[in-house]
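# A structural walkthrough
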Amino acid sequence: MPKTDILIVGSGISGLFFAIKTARKRPDLSICIMTKEMASNTNTQLAQGGIAVVTNHLKDSFEQHIKDTLKSGAGLCDEEIVKMVIQQAPERLEELIELGASFDKNQEGQWDLGLEGGHSQHRILHHKDSSGLEIEKKLLSIITQTANIELLENHQVIELNTETTKRNEVNCTGAFFYDKNNNAIKYILTRAIVLSTGGCGQLFENTTNPAIATGDGIAMAARAGVEIEDMQYMQFHPTALSSGNKNPLFLISEAVRGFGAYIVNYEHKRFLFKYDLRGELATRDIVSRAISIEMLETQKKHVYLDCRHLDQADFFKHFPSISAHCNAIGLYPEKDLVPIVPAAHYQCGGIKVDRNGVTTIKNLYAIGECARTGLHGKNRLASNSLLEALVFAHQASKNIDKTIAAFIFSSKILLPKFSTVNIKNNYEPYLILKKELQKLITSFYASNDRDSHLAMLKIKMLKNEAENLIDRNEITIPFIEFSNMLTTALIIIKQCQPEKTHSC
Ligand SMILES: Cc1cc2nc3c(=O)[nH]c(=O)nc-3n(C[C@H](O)[C@H](O)[C@H](O)COP(=O)(O)OP(=O)(O)OC[C@H]3O[C@@H](n4cnc5c(N)ncnc54)[C@H](O)[C@@H]3O)c2cc1C
């Protein structure tokens, strides 16, 4: 039976950074990263704007970054966590740079710091408009050169195994996974598991998240009995490029507004000052809500980003990928208005963890977007999530020595829960069900008068429909993934109940 000291699920910034840090300090440990598609297929590689870190202490300060984060989180952040993350940021940034990631500098050789909504200072380090790609590439290249890390692509983790001890403690002892390369379901024994599975944007019709963002980590953790919190706070990004039924939608970074772009309505008029004195530079929740109201009132399908007044050479220098993407579909930001809509972008809640990424089950950690750390509250401040991923990967890596020392591999023989069945993988029928689910969650989330009971009933009906698609002796991977989406959707609906929230 395959064995590894630490199993990491997911190959985004959090999983990779954790793996490298842990492998370097503990060459005696075996570390395995499983990722369900190509390793680079992550939310991380799509990050454009960059990473928020206080580097210029003459103009900026930790206190200001903390204040901005707390304000954006609207009273629901954990202040101690906010302080920890922001104060650690320079050290983690230095480590990231030491691992090869590069960030732009200005002509004076200083960091070229970007500004984004909700930030009172320029403090976003970026690599042009493809910061995530730069980070993902550099981390992956180190991973492949590290002897005690095994990276398994096309390996989808489908279930966590837990065991209850005599003292009634629940331990996580291994995981079932689907090896897509060999069309086989297998089991791996571990001494600790780190979930770094990203978010669940794919539950919504309009999203910036790639197809991998189906909430697998949330669903698996919930099935294992781990606490999940604040899933009612889904962040919508105000400026996704409106392009029909495309999924995912291409993101136009917040940094474009920070650079001076306006948001205008069908009459080409700016309207955001009606909603917030900061106008285009208000936080994402405020700007997204204002755009949605404007779209509803004018009965239009989108509003526009207006970049026509900006210095075009400088715009192109800062945003080459965004310019190229627009040009490829016949849009020229120097002369055209760019149609935009809000899109589901970031899951602020998730698997409840402490300051070390430890979940409510022993031997199980969660880091990155799948974790609810207390940093974001109701609304994540722009460019704080790459930072959170680095800090919590570091914290978990520091803490895991204790876990590993206290735990040997389980000796229980595991029942072959999945291995006797046929594995079939026809995605087609699930695409239709997925669209229905996306429609359901989108309209539920947007409604002012949510009927949770009805929404839960509809989820149950979708579950029945999905179950009818499979034979009792079959297992289909699309069914497992779709079931994860249904489980996550149900958690969102339950956590959206009025007593749990006033703003989602
Ligand atoms: C378009 C876009 C732009 C963004 N821009 C910024 C930005 O400028 N600054 C910022 O701070 N944040 C930004 N974000 C958010 C940020 O990119 C993410 O929050 C962050 O990258 C998440 O990293 P992660 O390590 O948690 O997970 P991800 O990078 O999402 O990786 C998740 C990994 O888990 C794997 N996985 C999932 N389920 C399974 C399973 N069952 N089995 C095996 N593997 C699995 C996936 O395949 C993937 O490898 C942006 C997000 C998007 C979508």
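The following refers to the structure shown. Per chain, residues are indexed from 1 in the order of the written sequence. The predicted origin of the model limits local features to residues at a pLDDT of at least 70 and limits the giving and counting of side-chain atom pairs to 80 or more, whereas totals for whole chains, interfaces and linings rest on all residues. Just so you know, side-chain values use all the structure's heavy atoms and leave hydrogens and water out.

## Things to note about the packing of helix H1 (residues 13-25) against helix H4 (residues 131-144)
- Taken N-terminus to C-terminus, the directions of H1 and H4 make an angle of 35°; their axes are 10 Å apart at the nearest point. At the point where H1 passes H4, the crossing takes the left-handed sense. Where H1 approaches H4, its residues Ile 13, Leu 16, Phe 17, Ala 19, Ile 20 and Arg 24 are matched on the opposing element by Ile 135, Glu 136, Leu 139, Leu 140, Ile 142 and Ile 143.
- Residues are grouped as follows: Ala, Val, Leu, Ile, Met, Phe, Trp, Tyr, Cys and Pro are nonpolar; Asp, Glu, Lys and Arg are charged; every other residue, Gly included, is polar. Within the contact of H1 with H4, the residues separate by chemical class into 10 nonpolar, no polar and two charged. The convention used is that axes are lines fitted to C-alpha atoms, helices contributing only their stretch in contact, and that angles between N-to-C directions extend from 0 to 180 degrees. To qualify as a helix, a DSSP run of H or I must reach at least 4 residues; to qualify as a strand, a run of E must reach at least 2; elements of each kind are numbered from the N terminus. The handedness criterion is simple: a crossing whose near helix is rotated anticlockwise from the far helix by less than a right angle is left-handed, and one whose near helix is rotated clockwise is right-handed. Only heavy atoms enter the contact rule, under which two residues are in contact if any of them lie within 4.5 Å.

## Re the site of the ligand
- Proximity is defined per residue: any heavy atom of the residue falling within 4 Å of a molecule or strand makes that residue near it. Close contacts around the ligand come from 39 residues, with Ser 14, Thr 44, Gly 50, Glu 369 and Ser 385 the closest.
- Note that a nitrogen atom of the ligand is positioned 3.1 Å from one of the backbone N or O atoms of Lys 36.
- Between N or O atoms, a polar contact is any pair within 3.5 Å; within protein, one atom must be a potential hydrogen donor and the other a potential acceptor, and residues adjacent in sequence are included only when both atoms are from side chains. Here an oxygen atom of the ligand sits 2.9 Å away from a polar atom, N or O, in the main chain of Leu 386.
- Burial of the ligand by the surrounding chains reaches 98%, relative to a free accessible area of 1,000 Å².
- Broken down by secondary-structure element, the contributors of at least two residues to the shell around the ligand are H1, strand E6 (155-164), helix H5 (216-223), strand E13 (338-347) and helix H10 (385-406).
- Looking at the shell around the ligand element by element, the count peaks at three residues for E6. Computed with the Shrake-Rupley method and a 1.4 Å probe, the accessible areas treat only the protein chains shown as cover for residues.

## Looking at the pairing of strand E8 (residues 184-195)
- A 1.4 Å probe rolled over the protein chains alone gives each residue an accessible area, and that area as a share of the maximum for its type sets the label: buried under 20%, exposed over 50%, partly exposed in between. The element E8 is extensively covered by neighbouring structure, given that 10 of its 12 residues are classed as buried.
- Here the rule is simple: two strands pair whenever DSSP picks up at least two bridges between them. Bridge count between strand E1 (residues 3-9) and E8: six bridges; the pairing is parallel. Paired with Thr 4 across the bridge in E8 is Thr 190.
- Taken together, the six bridges between strand E7 (residues 170-179) and E8 define a ladder with antiparallel strand orientation.

## Digging into the packing of aromatic side chains
- Two aromatic rings from Phe, Tyr or Trp, using only the six-membered ring of Trp, form a pair when their centres are within 6.5 Å; if the ring planes differ by under 30 degrees the pair is stacked, by over 60 it is edge-to-face, and anything between is tilted. The tally for this structure, following the rule as stated, stands at nine aromatic pairs.
- Measuring from centroid to centroid gives 5.4 Å for Phe 259 and Phe 319, while their planes differ by 90°, and the two rings are edge-to-face. Of this pair, Phe 259 sits in the loop between helix H6 (254-258) and strand E11 (262-264) while Phe 319 sits in the loop between helix H8 (312-318) and helix H9 (320-328), and the two are 60 residues apart along the sequence.
- Overall, Phe 259 belongs to the partly exposed group, its relative accessible area being 23%.
- Between Phe 315 and Phe 319, the ring centres sit 5.1 Å apart and the planes meet at 55°, which makes this aromatic pair tilted.
- Classification of Phe 319 by relative accessible area gives buried; the value is 4%.
- Grouped by ring-pair contacts, the aromatic residues Phe 204, Phe 236 and Tyr 445 constitute a single cluster.

## Description of unusual backbone geometry
- In this chain, Asn 247 is followed by Pro 248 through a cis amide linkage whose omega measures 0°.
- Even without glycine at this site, Ala 74 takes up a positive phi of about 50°.
- Along the chain, Ala 74 falls in the loop between helix H2 (62-72) and helix H3 (79-98).
- A residue is classified by how much of its surface remains accessible, and Ala 74, at 41% relative accessible area, is partly exposed.
- Positive phi is not limited to glycine here, since Asn 154 has a value of about 55°.
- Within the fold, Asn 154 resides in the loop between strand E5 (149-152) and E6.

## Quick look at the environment of Lys 317
- Mapped onto the elements of the fold, Lys 317 is located in helix H8.
- Between the C-alpha atoms of Lys 317 and Asp 129, which are 188 residues apart in sequence, the distance is 9.3 Å.

That is the geometry; function is a separate question.
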